[in-house]
Amino acid sequence: MAGAASAPLTYEEQAILVGGTRHVARVPKGYRLELLTDKLDGPRLLTFAGNGDLFIGSKSGKVYRVPPPYTAPETLVTLDDYPHSVALRRGEMLIARTKGLYRAPYQPGQKSIALESVTLLARLPGGGGHNSRTVGVGPDGRVYLSLGIQGNCSDQYLGDEYPFDERRGGILVLREEGGQARWEAYGSGFRNPVGFAWHPQTGVMYASNNGPDHLGYEQPPEYFSRVTAGSFHGMPWFQFDGQQLKRDDCVARRPPRPLADVVLPVATFPARNAPMGVAFVPKGAMRKALEFDAIVALRGSWGTKPSGEYLGDSATRRPPKLVAVRFKDGKALRVDDLVTGFQRANGERWARPVGVALGPDGALYFTSDSGTNGLFRLGLK
């Protein structure tokens, strides 16, 4: 199977004006970074429709529609309970909120959704801590959704032995039969798998995962994992330190599955990076060197050196960036920086990437929910 060339990237510095302030980003040579709009309120994950419209969930409760050229966002509907992400399937929009997956009739080009038309499709475990929910429709047409455990070491798991509200920490798939919808575990043992997507060649799912904060600034690394039906990724009972798995005794309950069942990540990012959205570069998008690679948004976390607590020098925080997980023949090889420079030398951040998606024009679009509340585009010059 042919894969991406995975050639090393070369970079150049580019000045960008954001809110009247000049910043300098490092981008791949031949690309240009631009801010399309800063008129979004807490934007999170984003989804393109077949007609080119862009939809963005948010922390503010607004679900945005942004038609081409993606500079003038419109509020499609305003909801409570954190509409973090949306997905589209024939005739309807799916909206992932903390306590449930909702649906609403939707046709291409529709400019608003009536509040009363938004109805519950399937209830989800609620509760505080990691309360975002990410929804996606897979190549098989089924609906998938990710959710995190409440804290660093919450005794929560996607298993029938756990009460419904404690079934957290992984990726669910929705079974829809006879007018009924119910969740089944797909991949378990994640702390907070915010982003997931399917490789364009193999159809295999890959997910990002935020590691816990209780082991300091350097451990454990953040995960980028291959997820298959029934796969177990270990958390919070087992942590991968970059070399081997270790038992984490922060949860007293016996692990639901043995260490031998744990699927190791195919790539890692340094600890305290807070990986968010994931998108694969399809054939014909961007440049061929990035074809079939995964783009991951690293939001940058609050922990500082040396302890990992927030009380240290903010300049030591892990900086936000966009990275590319390089693939060849359907397998992950390494992680390369894509766009950097979002954090100034003093630790101030002018953007924190969250959602990523490839647009119909072959460019990369990403949201930022802090520093700049907006939408950026990385495209060829």
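The paragraphs below set out a description of the structure included in this document. Numbering of residues starts from 1 in every chain and runs along the sequence as written. Only residues with pLDDT of at least 70 get local features here, since the model is predicted, and only at 80 or more are side-chain atom pairs given and counted; chain-wide, interface and lining totals rely on the full set of residues. Hydrogen atoms and water are omitted, and side-chain values are computed over all heavy atoms in the structure.

### Let's talk about the overall build of the protein chain
Item 1. A run of DSSP states H or I qualifies as a helix once it reaches four residues; a run of E qualifies as a strand once it reaches two. Both are numbered from the N-terminal end. When its secondary structure is counted, the protein chain shows zero helices and 29 strands.
Item 2. Only C-alpha atoms enter the radius of gyration, while the globule expectation follows 2.2 Å times N to the 0.38, with N the number of residues. Over its C-alpha atoms the protein chain spans a radius of gyration of 20 Å, differing by no more than 12% from the 21 Å that the globule rule assigns to 381 residues.
Item 3. The C-alpha extent of the protein chain, read off along each of the three principal axes, is 55 × 50 × 45 Å.
Item 4. Here's how the labels work: a residue is buried when its accessible area is under 20% of the maximum for its type, exposed when over 50%, partly exposed in between, all with a 1.4 Å probe on protein chains only. A total of 381 residues make up the protein chain; the buried ones form 57% of that total.
Item 5. In the protein chain, of all internal contacts separated by at least 6 residues, the share reaching a separation of at least 24 is 55%. Only heavy atoms enter the contact rule, under which two residues are in contact if any of them lie within 4.5 Å.

### Describing the nonpolar core
Item 1. Put simply, a nonpolar core is a bunch of buried Ala, Val, Leu, Ile, Met, Phe, Trp, Tyr and Cys residues held in one set by side-chain atoms that sit within 4.5 Å of each other. Residues Leu33, Leu338, Trp350, Leu364 and Leu378 are the most contacted members of the largest nonpolar core, which totals 32 residues.
Item 2. Here this core gets three residues from one element, more than from any other, and that element is strand 27 (residues 353-358).
Item 3. In this structure Leu364 touches Met286, Ile295, Leu322, Leu338, Val356, Ala357, Leu358, Phe376, Arg377 and Leu378, once residues within four positions along its chain are discounted.

### Describing the sheet that holds strand 10 (residues 100-105)
Item 1. Taking strand neighbours across the sheet as the criterion, the four strands line up as 8-9-10-11 in an open arrangement whose pairing is antiparallel. With one partner strand each, in any of the chains shown, strand 8 (85-89) and strand 11 (119-123) form the two edges of the open sheet. When the angles between neighbouring strand axes are averaged without regard to direction, this sheet yields 25 degrees.
Item 2. The pairing of strand 10 with strand 11 spans four bridges and is antiparallel. Bridge pairing in strand 11 links Arg103 to Thr119. In this analysis, strands are considered paired if DSSP registers two or more bridges between them. Axis definition: a line fitted to C-alpha atoms, over the contacting stretch in the case of helices. Angles run 0 to 180 degrees between N-to-C directions.

### Examining the environment of Gln243
Item 1. Along the polypeptide, Gln243 turns up in the loop between strand 20 (238-240) and strand 21 (245-247).
Item 2. Take Gln243: its relative accessible area is 73%, and that puts it in the exposed class.

### Comments concerning the pairing of strand 24 (residues 294-298)
Item 1. Along strand 24, five of the five residues are buried, which leaves the element largely enclosed by surrounding structure.
Item 2. Burial along strand 24 is two-sided: the residues Ala294, Val296 and Leu298 and Ile295 and Ala297 are all buried.
Item 3. For strand 23 (residues 275-280) and strand 24, the ladder comprises four bridges, and the chain directions are antiparallel. Counted as the bridge partner of Ala279 is Ile295 from strand 24.
Item 4. Bridge count between strand 24 and strand 25 (residues 321-328): five bridges; the pairing is antiparallel. Bridge pairing in strand 25 places Ile295 opposite Ala324.

### Thoughts on the state of the cysteines
Item 1. In plain terms, two cysteine sulfur atoms within 2.5 Å form what is called a disulfide here. If you walk through the whole model with that rule in mind, you get one disulfide.
Item 2. A sulfur-sulfur separation of 2.3 Å characterises the disulfide bridge that pairs Cys153 with Cys250. Every disulfide takes its handedness from the sign of the S-S torsion; for Cys153 and Cys250 that torsion is -100 degrees, giving left-handed. Note that Cys153 is positioned in the loop between strand 13 (143-147) and strand 14 (170-177) and Cys250 in the loop between strand 21 and strand 22 (267-269), a separation of 97 residues in sequence.
Item 3. For Cys250, a relative accessible area of 29% translates into the label partly exposed.

### Let's talk about the sheet that holds strand 25
Strand pairing in a sheet takes place through backbone hydrogen bonds and is either antiparallel or parallel in direction.
Item 1. Spatially, the four strands line up as an open sheet ordered 23-24-25-26, and their pairing is antiparallel. One side of each edge strand has no neighbouring strand; the edge strands of this open sheet are strand 23 and strand 26 (331-339). Shown here is a sheet whose adjacent strand axes are inclined to one another by a mean of 25 degrees, direction ignored.
Item 2. Pairing geometry for strand 25 and strand 26, over seven bridges, is antiparallel. Bridge assignment links Val323 to a residue of strand 26, and that residue is Asp337.

### Overview of the pairing of strand 5 (residues 54-58)
Item 1. Burial runs high along strand 5: five of the five residues are buried.
Item 2. Burial of strand 5 is two-sided: the residues Leu54, Ile56 and Ser58 facing one way and the residues Phe55 and Gly57 facing the other way are all buried.
Item 3. In the sheet, strand 4 (residues 43-48) pairs with strand 5 via four bridges, with the strands oriented antiparallel. The partner of Leu46 across the bridge, within strand 5, is Ile56.
Item 4. In textbook terms, the turn of a hairpin is the stretch between consecutive antiparallel strands, and for strand 4 and strand 5 this stretch comprises five residues, one of which, Gly52, has a positive phi near 100 degrees.
Item 5. Hairpin geometry of strand 5 and strand 6 (residues 62-66) is characterised by an intervening segment of three residues between the two adjacent antiparallel strands and by a positive phi of about 100 degrees at Gly61.

### Quick look at the packing of aromatic side chains
Item 1. Any pair of Phe, Tyr and Trp rings, taking the six-membered ring for Trp, is counted once the centres come within 6.5 Å. Such a pair is stacked with planes under 30 degrees apart, edge-to-face with planes over 60 apart, and tilted for the rest. Under the counting rule described, the total for this entry stands at 20 aromatic pairs.
Item 2. Centroid distance Tyr144 to Tyr186: 5.2 Å. Interplanar angle 80 degrees. Geometry classified as edge-to-face. Of this pair, Tyr144 sits in strand 13 while Tyr186 sits in strand 15 (residues 180-188); the two residues are 42 residues apart in sequence, bridging distant segments of the chain. Residues Tyr144 and Tyr186 agree in their burial class; the two are buried.
Item 3. On the numbers, 5.8 Å between centres and 65 degrees between planes, the contact of Tyr206 with Phe280 is edge-to-face.

### A look at a nonpolar patch on the surface
Item 1. The residues that make up patches have over 30% relative accessible area and no salt bridge, and they are joined within 9 Å when like-charged or within 5 Å when they are Val, Leu, Ile, Met, Phe, Trp or Tyr. Accessible surface is estimated by sampling points in the Shrake-Rupley manner with a 1.4 Å probe; for residues, cover comes only from the protein chains shown. Each reported salt bridge corresponds to a side-chain nitrogen of Lys or Arg within 4 Å of a carboxyl oxygen of Asp or Glu. Judged by side-chain polarity, Trp302, Tyr310 and Leu311 come together as a nonpolar surface patch covering roughly 400 Å² of accessible area.
Item 2. The residue Trp302 is located in the loop between strand 24 and strand 25 in this model.
Item 3. Among the residues examined, Trp302 registers a relative accessible area of 40% and is labelled partly exposed.

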